[in-house]
Structure formats: C-alpha cells, structure tokens
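# Chain and residue survey
One-letter residues, chain by chain:
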Amino acid sequence: MDRKNINRNNYNSNLLKILIALTVVICVVLVAVAVMLSDKPDKAEENSDKEITEKADEEKKSENDNATEEQPPQEDAEVIIEEKPEEPDEASVDTSAWNLVLANPWNKLPEDFTVELSDIGGGHMVDSRIVDDLNQMMSDLARAGHSAFICSSFRTNTKQTTLYNNEVNEYLAMGYSEEEAAVEAGKWVAVPGTSEHQTGLAVDIMSNYYLKLDKGQEDTEEQKWLMENSWKYGFVLRYPNDKSHITGIYYEPWHYRYVGKDAAKEMFERDVCFEEYLLG
Ligand SMILES: [Zn+2]
C-alpha cells in the first residue's frame, strides 16, 4: 500500500467517523425533540379535544338551527309561536267585531250600545249569539262531573250603577275619601259604562262547592276545569291574576268573557289577556 492510498484510507475513515457522529447527533436531537413534544401531549390533546367538542356542539347547534328554520318539527311549532308571537293578523284582530268589543276602565261602551239578549234561565240574560257556546260549555262542565252555576250575566247600566255605588259606599264607610273610594271601588266593580257585564258577553260562574266570589274559587275543580277548557267554547278567564296592571281589574277566577273560538284559542296558547290580544 503506497502512501497515497494510506492517506486516502485515513481520509475515508475520518469521513465515516464524522458521518457517524453527525448521525448520532441528529438522532439525539430527534429523540430530544420527541421527548419534549411528549412532555405536554395531555394539554395539547385536552385543548384540541375541547375545541373539537366545542366545534361539534356548534355544528350540532347550527344543524338544529337550520333544521328549525328549514323544517320546523311539528312538536316545536307551538314553542316557536310562544317565543316569537306572530305579527298581528289584521283579519283576526278586528276590534270592531261584536265579539271583541272592549269595555275596561279606559274604554267606556258607547252611549248607544245595544245588544240583543236571550234568556238563559235563572233570571239571566246574555247576548243571543253566545247562548249555544255557553250552554255547551256548562253542560260539558257538568258532564265532566263538576257542578257550577251562572251567578251574574248581563247587567243594565242602572244595575251596574247600583253595584258600583254600593261598593263606593263601603269604602266611604271604611274612612276613605270620596276620591279614594271611587278609585278603589272601580278596581272591584267596574265604573258604569266600563263593565263587561253590560256587553252581554260576560258571565260569572260559581262553583256549587264554594259559594263565595273570592280567590278561593280558583282552587275549585269547577274553575280549574273552566280555566283549562273554556277557550274551546270561545270563553276566556278575563281577569287573570298576573294581568291586573293591564286589565285594570283585580284577579277574578270566576269571570268569563266570550271572545269567539279563534281569539280564545290564541289568547290561551299565547297566555295573553284580552287587552294584550287586541294590541296584537
Ligand atoms: Zn263578572
């Protein structure tokens, strides 16, 4: 072997050593990087899991949203109506319709208001147009095993004036001023001209098992049945407990007002009182 070859061999073996060393270094670096990465895999995974879950939830949500928008499931339809009341349908809220006449503390009946009455027995009269529905409701109530009777119906202006004055006098006797007495009496007995009883569309119904017109009526089976079913016959509980600030009349769990079946159904489903319904 000549010197040239020896030198070349040395050169080759040195190169090999360097290559091996480099390879080792690279391997060490790779291992080190691998170890570093494997140090925090949990957090990384956790985060990405979270993100995935959140994204999946979002996707689900938007899928549901889309589904609701595009094809509302039958069962959800009513819920949507509750959350987002439909725009008032002018045809259904025709405030000049006979069955939607409004009498409340702020709306006196016209002086010339007249109504064709029918005798329903027991000394009671109502608007002739509501007799069939009223009779049907009362007979279905009885058929359901309950016992109630109509204790108040149409009132003339004279009758309403007498009732109102009696109430005012009670407050005067309790020491109220005339002004205060008038205001307080008006919360219990409508000021003449503003009573629904003058429309012939309202009736007070009393349970035979609770012969008082006070809050206790609401606990009777008769009122429970009426509150649940009266809308099917076109009647609504006119002065609900939580709507006094809108109706202007204290809670009366016995006073039912005929508004017609369509309006009654909508008021029942939307849980709105008559004033709210008329506003749309
Ligand atoms: Zn009444």
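Residues numbered from 1 in each chain as written. Predicted model: local features only at pLDDT ≥ 70, side-chain atom pairs only at ≥ 80, totals over all residues.

Before going further, it helps to examine the nonpolar core. A general trend in soluble globular proteins is that nonpolar side chains are found buried together. Within the largest apolar cluster, 26 residues are counted, with the highest numbers of intra-cluster contacts made by F235, V236, Y256, V259 and A264. Among the elements of the structure, helix 4 (131-143), strand 4 (202-207), strand 5 (235-237), strand 6 (255-258) and helix 9 (261-270) are those that each provide at least two residues to this core. Aside from chain neighbours lying at most four places away, what touches F235 is M137, S230, Y256, R257, Y258 and A264. (Core = buried A, V, L, I, M, F, W, Y, C linked by C-beta atoms within 7 Å. Buried ≥ 20, exposed ≤ 12 C-beta atoms within 10 Å, placed from the backbone. Helix = DSSP H or I, 4+ residues; strand = E, 2+ residues; numbered from the N terminus. Contact = placed C-beta atoms within 7 Å.)

What follows concerns the pairing of strand 2 (residues 124-127). Of the pairings in the sheet, the one linking strand 1 (residues 117-121) to strand 2 comprises four bridges and is antiparallel in character. Looking across to strand 2, one finds that S118 is bridged to V126. Counting the residues between successive antiparallel strands, the hairpin from strand 1 to strand 2 contains two residues, one of them, G122, with a positive phi of roughly 65°. (Pairing = 2+ DSSP bridges.)

Next up on the list: the environment of G248. Position of G248 relative to the elements: it lies in the loop between helix 8 (244-247) and strand 6. Since 18 C-beta atoms lie within 10 Å of it, G248 is described here as partly exposed. When the C-alpha positions of G248 and K187 are compared, they lie 6.7 Å apart, and in sequence the two are 61 residues distant. If we ignore the near neighbours within four places in the chain, the residues touching G248 are N104, P105 and W106.

Overall, the prediction assigns the protein a mean pLDDT of 79, with 67% of residues at 70 or greater. For the stretch residues 37-91, pLDDT sits under 50, and the model shows 10 contacts to residues farther than four places along the chain or on other chains. (pLDDT = per-residue confidence, 0-100.)

The next subject is the sheet that holds strand 4. A sheet is described by the order of its strands in space; here four strands give the open sequence 3-4-6-5, paired in antiparallel fashion. Edge positions in the sheet fall to strand 3 (148-152) and strand 5, since each of these pairs with one other strand and no more. Taken pair by pair, the neighbouring strands of this sheet meet at an average axis angle of 40°, ignoring direction. In terms of strand pairing, strand 5 meets strand 6 through three bridges, oriented antiparallel. Bridge assignment links L237 to a residue of strand 6, and that residue is Y256. Packing against the sheet, helix 7 (residues 221-229) makes contact with strand 3, strand 4, strand 5 and strand 6, and its axis sits at approximately 140° to strand 4. (Axes fitted to C-alpha atoms, helices over the stretch in contact; angles between N-to-C directions.)

The next thing to look at is the packing of helix 5 (residues 157-173) against helix 6 (residues 178-188). Packing of helix 5 against helix 6 brings their axes to within 8 Å, and their N-to-C directions diverge by 130°. As judged from the angle between their axes, helix 5 and helix 6 are oblique. Seen from above, helix 5 lies across helix 6 with right-handed handedness. For the pair formed by helix 5 and helix 6, the contact residues are Y164, E167, V168, Y171 and L172 on the first element and E178, E180, A181, A182, E184, A185 and W188 on the second. Taken together, the residues of the contact of helix 5 with helix 6 break down into eight nonpolar, no polar and four charged. (Parallel < 35°, antiparallel > 145°, perpendicular 65-115°, else oblique. Left-handed = near helix turned anticlockwise from the far one by under 90°. Nonpolar A, V, L, I, M, F, W, Y, C, P; charged D, E, K, R; others polar.)

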